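This is what each chain is made of:
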Amino acid sequence: MTIQNYINGNFQNPISNAWIDNYNPSNGEIYGQIPNSSTKDVEQAYQSAKSAFKSWSQTSLEERSRVLIRISELLEDQLDRFAKAESKDNGKPVALAKTVDIPRAASNFRFFGNAITQFASESHESVGHNAMNYTLRQPIGVVGCISPWNLPLYLFTWKIAPALAAGNCVVAKPSEITPMTAYLLGDICNEAGLPKGVLNIVHGLGSTTGQAIVEHPDIKAISFTGGTATGAHIARVAAPMFKKLSLELGGKNPNIIFADCDYDDMLNTTVRSSFANQGQICLCGSRIFVEATIYDKFKIDFVERVKRLKVGHPSDSDTDIGALVSQPHLEKVKDYIRIAQEEDGKVLCGGQEVNLKNFENGYYLEPTVIEVPTDECRVNQEEIFGPVVTLMPFHTEEEVLQMANKVKYGLSATLWTNDLKRTMRMSSQLQAGIVWVNTWMMRDLRTPFGGVKASGVGREGGFEALRFFTEPKNVCIKY
Ligand code: NAD
């Protein structure tokens, strides 16, 4: 299947006629072509967005909201089609795409369609000076949204929906590794009555298409989700142009388990927080720290549960772990398993590639648990972003806090305990943008989302996203 760019409401080939192969991770086969768009395509997308801006930015909130909610409804109507497409492109189980990715993409449009009608700005009366200040929150203009491959439509729409709701026009690029559902979204936008040019989707490599978006002098804000190294590069390119930047980057999140937790709940959730989406979620708790008094019991129970996870074809309804996203990514994850062993890590289960009958060229890997001798080893410090977790005991709160914080990342942390005072102490001291206590990945779209340290700058979600996608202007009136 050939994917095209979506510019000014039309589907078109890249101007240079350059294409990239699109792989199906479940069988390793090329199943389509996607544009490798150049600066010329990005310029065309920008011009189309620029032309649409005046009208869209002045469109009433009710109308913008109506269109976004309509997109959400159409996505829900086509849940099956989108879930299958997402699974084929990414390797994730269809069941996961059906229950998480596509419903959450639909929620993004619905949520921001509603949120914009509640978004208000501040006023400040300068008492004693006969003056009144109020703040306008104006759309920025044309903004760029760039997203990764792990939760393709979910993260793509997480950026686009607030950008559009706030009255901006968008030039967006999904990951070249998983472009399919972003492509399908174009049709839905047309059907929902999104005016031409308000959203433009260009496909291609990060180093060409993505770079062209970031370098474009008149795309004034960039919302990016992806790797930390890419984020640093984008920041360097964008800084001299004083662009507004939101960077959601990598993570190496601690999952801290105290003996007083609700054990069964913790165990069930920890299996999920370790291996959901083949461990390819930036929020996965990839470093598991367990209080020494329950360490041996946990180790036995956890490994037993992980061994029961079924690695299988993404379309099979009983598959727990589908295919990794690409061959290079599979190689990277396998490399880390090798590095762990070189650093005296002990593989407690998994570690091997899986040869699925009839799908021998797919990118399957067993879920892997590695007991590490120290928190300073590479597998405990570097983001692997696959079905691999490390395991270590701890004795005291201070010790585990220090280990949890001793990485360059700070996206999320999970804490399992029923001790209220400890919860309060630890959640305030953990260096993370999000702390989950006795749960994982429970999302309320009103909350600020993002990381500290090398996990990013800025927050998305709720009004934070609407603030990012608007420019505040103070008006001071003397009377
Ligand atoms: P990546 O950085 O390789 O690519 C992300 C996107 O950026 C892709 O669309 C890519 O084409 C584009 N890109 C690459 N180079 C670019 C450049 N020079 N200019 C502009 N765009 C460029 O990341 P990935 O491998 O797709 O995704 C995995 C990473 O994303 C992991 O590190 C993961 O932790 C992170 N992630 C973070 C969050 C979060 O919310 N913090 C969520 C999901 C994934």
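Refer to the structure above for everything that follows.
What comes next concerns the included structure. (Residues numbered from 1 in each chain as written. Predicted model: local features only at pLDDT ≥ 70, side-chain atom pairs only at ≥ 80, totals over all residues. Heavy atoms only, no water.)

1. Some points on the packing of helix α2 (residues 61-77) against helix α5 (residues 152-165)
No. 1: Between α2 and α5, the shortest axis-to-axis distance is 10 Å and the interhelical angle comes to 160°. Here α5 runs roughly antiparallel to α2, going by the angle between their axes. Two packed elements cross with a definite hand, and for α2 against α5 that hand is right-handed. Contacts from Arg64, Leu68 and Leu75 in α2 reach Leu153, Ala161, Leu164 and Ala165 in α5.
No. 2: Here the residues of the contact of α2 with α5 are counted per class, giving six nonpolar, no polar and one charged. (Axes fitted to C-alpha atoms, helices over the stretch in contact; angles between N-to-C directions. Helix = DSSP H or I, 4+ residues; strand = E, 2+ residues; numbered from the N terminus. Parallel < 35°, antiparallel > 145°, perpendicular 65-115°, else oblique. Left-handed = near helix turned anticlockwise from the far one by under 90°. Contact = heavy atoms within 4.5 Å. Nonpolar A, V, L, I, M, F, W, Y, C, P; charged D, E, K, R; others polar.)

2. Side note on the nonpolar core
No. 1: The biggest cluster of nonpolar side chains holds 96 residues, and the ones touching the most others in it are Leu199 and Leu283.
No. 2: Setting aside anything within four residues of it in sequence, one finds Leu199 in contact with Tyr6, Ile160, Val170, Ala172, Leu185, Cys189 and Leu194.
No. 3: Ranked by size, the runner-up nonpolar core spans 29 residues in total, among them Phe258, Val372, Ala404 and Met426. (Core = buried A, V, L, I, M, F, W, Y, C linked by side-chain atoms within 4.5 Å. Buried < 20%, exposed > 50% of the residue type's maximum accessible area, 1.4 Å probe, protein only.)

3. A short note on the environment of Asn418
No. 1: Looking at the element boundaries, Asn418 is found in the loop between β18 (412-416) and α14 (420-429).
No. 2: For Asn418, a relative accessible area of 43% gives the class partly exposed.
No. 3: Separated by 373 residues in sequence, Asn418 and Ala45 place their C-alpha atoms 52 Å apart.
No. 4: Ignoring sequence-local partners within four residues, the contact set of Asn418 consists of Asp260, Cys261, Asp262 and Asn438.
No. 5: Within the structure, Asn418 has its side chain in polar contact with the side chain of Asp262 (distance 3.1 Å). (Polar contact = N/O pair within 3.5 Å; in protein donor to acceptor, adjacent residues only side chain to side chain.)

4. Structural notes on the pairing of strand β19 (residues 434-437)
No. 1: The alternating pattern of β19 places Ile434 and Trp436 on a buried face and Val435 and Val437 on a face that is not buried.
No. 2: Taken together, β18, α14 and β19 constitute a β-α-β crossover, and its handedness is right-handed. (Right-handed = clockwise from strand over helix to strand, strands pointing away.)

5. Examining the pattern of salt bridges
No. 1: Considering all chains together, one arrives at 24 salt bridges under this definition.
No. 2: We note a salt bridge from Arg110 to Glu76, for which the minimum N-O separation is 2.8 Å. On the criterion of sequence distance, the pair formed by Arg110 in helix α4 (residues 94-118) and Glu76 in helix α2 is long-range, its members being 34 residues apart.
No. 3: For Arg110, a relative accessible area of 28% corresponds to the partly exposed category.
No. 4: Linking Arg422 and Asp260 is a salt bridge whose minimum nitrogen-to-oxygen distance equals 3.5 Å. Placement of the pair is Arg422 in helix α14 and Asp260 in the loop between β12 (254-257) and α9 (263-275), with a sequence separation of 162 residues.
No. 5: Residue classification places Arg422 among the buried positions, given a relative accessible area of 14%.
No. 6: Judged by its relative accessible area of 32%, Asp260 falls in the partly exposed class.
No. 7: Among the ionic contacts, a cluster of salt bridges with common partners joins Asp260, Glu397, Arg422 and Arg425. (Salt bridge = Lys/Arg side-chain N within 4 Å of Asp/Glu carboxyl O.)

6. Observations concerning the pairing of strand β8 (residues 169-173)
No. 1: Counting buried residues in β8 gives five out of five residues, a clear majority hidden from the surface.
No. 2: Every second residue of β8 is oriented toward a common face, with Cys169, Val171 and Lys173 on one face and Val170 and Ala172 on the other, all of them buried.
No. 3: Here strand β7 (residues 142-146) runs beside β8; their pairing, made up of five bridges, is parallel. Along β8, the bridge assignment pairs Gly144 with Val171.
No. 4: The parallel pair β7 and β8 is bridged by α5, and the resulting crossover is right-handed.
No. 5: Summarising the sheet, β8 and strand β9 (residues 199-201) pair through three bridges and their orientation is parallel. Along β9, the bridge assignment pairs Val170 with Leu199.
No. 6: Each parallel crossover has a hand, and the one from β8 via helix α6 (residues 180-192) to β9 is right-handed. (Pairing = 2+ DSSP bridges.)

7. Here's the deal with the sheet that holds strand β22 (residues 470-478)
No. 1: The three strands are arranged β5-β6-β22 in an open sheet whose pairing can be described as antiparallel. Each end of this open sheet is capped by a strand with a single partner; those strands are β5 (123-126) and β22. Taken over all neighbouring pairs, the strand axes of this sheet differ in orientation by 20° on average, direction set aside.
No. 2: Here strand β6 (residues 131-139) runs beside β22; their pairing, made up of nine bridges, is antiparallel. Residue Ala131 lies in a different strand from β22, and its bridge partner there is Lys478.

8. Some remarks on the packing of aromatic side chains
Given two aromatic rings, their pairing is described by the distance between the two centres and the angle made by the two planes.
No. 1: Tallying each qualifying case throughout the model produces 11 aromatic pairs.
No. 2: Ring geometry for Tyr6 and Phe11: centres 5.3 Å apart, planes at 40°, overall tilted.
No. 3: A ring pair is formed by Phe111 and Phe112, whose centres lie 4.9 Å apart and whose planes are at 90°; its orientation type is edge-to-face.
No. 4: What links up through ring pairs into an aromatic cluster is the set Phe111, Phe112, Trp158 and Phe449.
No. 5: In this structure, Lys244 packs its charged tip against the face of Phe468, placed 5.4 Å from the ring centre. (Phe/Tyr/Trp six-rings, centres within 6.5 Å; stacked < 30°, edge-to-face > 60°. Lys NZ or Arg CZ within 6 Å of the ring centre and 35° of its normal.)

9. Brief notes about the environment of Glu76
No. 1: Residue Glu76 is classed as partly exposed on the basis of its relative accessible area, which comes to 40%.
No. 2: Placed 27 residues apart in sequence, Glu76 and Pro103 show a C-alpha to C-alpha distance of 6.8 Å.
No. 3: Once residues lying within four places of it in the same chain are set aside, the contact partners of Glu76 are Ala106 and Arg110.

10. A word on the site of the ligand
No. 1: Looking at the ligand, there are 30 residues lining it, with Ser147, Glu176, Thr230, Leu249 and Glu383 nearest.
No. 2: Contact between the ligand and Trp149: an oxygen atom at 2.8 Å from a side-chain N or O atom of the residue.
No. 3: Here Thr230 contributes a side-chain N or O atom positioned 2.6 Å from an oxygen atom of the ligand.
No. 4: Burial of the ligand by the surrounding chains reaches 88%, relative to a free accessible area of 840 Å².
No. 5: The leading source of residues in the shell around the ligand is helix α7 (residues 206-215), at four residues. (Near = heavy atom within 4 Å. Areas by Shrake-Rupley, 256 points an atom, 1.4 Å probe, with all protein chains shown as cover.)

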